[in-house]
Amino acid sequence: MFIVQKKPSDAKSSEITPKSVFMNRRRFIQSAAIAGLIPGILPKDALGAGKGRKLDGIIKSSHSTNQKPTAYDLITSYNNFYEFGTSKDMPALMARDFKTKPWTVSVKGEVNKPGLYDFDGLIKPHQLEERIYRFRCVEAWSMVVPWVGIPLSNIIKRLDPTSKAKYVAFETLNDPMRMPGQRRPILQWPYVEGLRMDEAMNSLTLMAVGLYGEELPNQNGAPIRLIVPWKYGFKSIKSIVSISFVEKMPPTSWNLSAAQEYGFYANVNPEVSHPRWSQAKERKLGGSYFSPKVKTLKFNGYEEEVASLYDGMDLKKFY
Ligand SMILES: Nc1nc2c(c(=O)[nH]1)N[C@H]1C(S)=C(S)[C@@H](COP(=O)(O)O)O[C@H]1N2
Ligand SMILES: [Mo]
């Protein structure tokens, strides 16, 4: 298979793929596809050119950054989605035939409207918004993404949690038949993540169902994934099938895998180094490999909107 087995402890150290290597691999995939070496894969798919179904009735959100969005091509071909392989170019290929219709999301725990919601039942009552957000990965790359989604707070209000709900826990689909990466114990499956209730209710927190005005590509977490723009990318869990309202802090995948490296909060913090690298700078995806790195902003530049959530907390301890 394509999956390269890695120890959880070194899963991330090798992930800063030099741009030149990445581009060569893409070119290889593209030419292999043209040459017919990869059956059924057209270069268009390998590069992720806009081909999804258009989404209707999207309003533009005032929460967008006015920075220029990263090319669709890059957002959809340089991914982290371990269920579909551990290298950045693998999800676009391996998730190509992943079926996301039908899709159900189970809502449970401390909530007044629990149940099994089908995708449309969960989404349709809400207004879709386009939100252009900065996105920062722990491996030091960043991009600007025009997500389409619904503020998580709107969904939570409708589901009506009880006063006992202190955290929201999310789970990705667990289906090794459909997600080949789950056939190996790279992480504990399913992928799980969580937010404190006030983080979940913050107006920036988004449930994304689209990208560039179209349905979410599989490799970006179709059909529904979380986006928490002031936290490192790993909090933004993909292909969600379960939302639980809970009293106690829920487990999170990267914390289970390497607790000393990845905490529950995972706020973008240039002042706190990861045990194996500095987090002070980032490389913008789409620039040249040789372009200088830029300084990372605290809370990924969303300090004004979210800093108060962490008043009085020692963010060196609660990383
Ligand atoms: N289920 C699941 N969700 C996931 C991941 C994953 O491996 N599995 N990777 C995370 C990480 S580390 C990052 S950086 C982002 C990447 O999102 P993108 O591929 O849309 O850029 O997804 C996050 N969500
Ligand atoms: Mo990441």
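You'll find the structure just up there.
Here's what I pulled together on the structure shown here. Being a predicted model, the structure only gives us computed values, none of them experimental.

Quick look at the environment of Glu-83
Here is step 1: Locating Glu-83 in the fold gives a position in the loop between α3 (72-75) and α4 (90-94).
Here is step 2: By relative accessible area, which is 2% here, Glu-83 ends up buried.
Here is step 3: Distance in space between the C-alpha atoms of Glu-83 and Gln-182 is 5.5 Å, their sequence separation being 99 residues.
Here is step 4: Sequence-distant contacts of Glu-83, defined by excluding residues within four places in its chain, comprise Thr-172, Met-179, Pro-180, Gly-181, Gln-182, Trp-189 and Tyr-191.

Details of unusual backbone geometry
Here is step 1: Cis rather than trans, the peptide bond between Lys-101 and Pro-102 has omega equal to 0 degrees.
Here is step 2: Secondary-structure assignment places Pro-102 in the loop between α4 and β2 (104-109).
Here is step 3: Pro-223 follows Ala-222 through a cis peptide bond whose omega is 0 degrees.
Here is step 4: Among the secondary structure elements, Pro-223 is positioned in the loop between β9 (214-215) and β10 (225-227).
Here is step 5: Phi at Tyr-212 is positive, roughly 50 degrees, even though this residue is not glycine.
Here is step 6: Turning to its location among the elements, Tyr-212 is positioned in the loop between β8 (206-211) and β9.
Here is step 7: Within the chain, Ser-239 stands out as a residue other than glycine whose phi angle is a positive 45 degrees.
Here is step 8: Mapped onto the secondary structure, Ser-239 falls in the loop between β10 and β11 (240-246).

Things to note about the sheet that holds strand β3 (residues 115-118)
Here is step 1: Spatially, β3-β2-β11-β6-β7 is the arrangement adopted by the five strands of the open sheet, whose pairing is mixed. Looking at which strands have only one partner, the edges of the open sheet turn out to be β3 and β7 (192-196). Sheet twist, expressed as the average angle between the axes of neighbouring strands with direction ignored, equals 20 degrees.
Here is step 2: For strand β6 (residues 167-172) and β7, the ladder comprises five bridges, and the chain directions are antiparallel. Residue pairing in the sheet places Ala-169 in a bridge with Gly-194 of β7.

Topic: the environment of Val-138
Here is step 1: The residue Val-138 is located in the loop between β4 (128-136) and β5 (141-151) in this model.
Here is step 2: Residues Val-138 and Gly-233, spaced 95 residues apart in sequence, show a C-alpha to C-alpha distance of 6.7 Å.

Looking at the site of ligand 1
Here is step 1: Residues in close proximity to ligand 1 total 19 residues, the closest being Asn-79, Tyr-82, Glu-83, Thr-172 and Lys-238.
Here is step 2: Between ligand 1 and Lys-238, the relevant distance is 2.6 Å, taken from an oxygen atom to a side-chain nitrogen or oxygen of the residue.
Here is step 3: A class-by-class count of the residues in the shell around ligand 1 yields nine nonpolar, six polar and four charged.

Rules used in this analysis
- Residues numbered from 1 in each chain as written.
- Chains lettered and ligands numbered in written order.
- Predicted model: local features only at pLDDT ≥ 70, side-chain atom pairs only at ≥ 80, totals over all residues.
- Heavy atoms only, no water.
- Helix = DSSP H or I, 4+ residues; strand = E, 2+ residues; numbered from the N terminus.
- Buried < 20%, exposed > 50% of the residue type's maximum accessible area, 1.4 Å probe, protein only.
- Contact = heavy atoms within 4.5 Å.
- Pairing = 2+ DSSP bridges.
- Axes fitted to C-alpha atoms, helices over the stretch in contact; angles between N-to-C directions.
- Near = heavy atom within 4 Å.
- Polar contact = N/O pair within 3.5 Å; in protein donor to acceptor, adjacent residues only side chain to side chain.
- Nonpolar A, V, L, I, M, F, W, Y, C, P; charged D, E, K, R; others polar.

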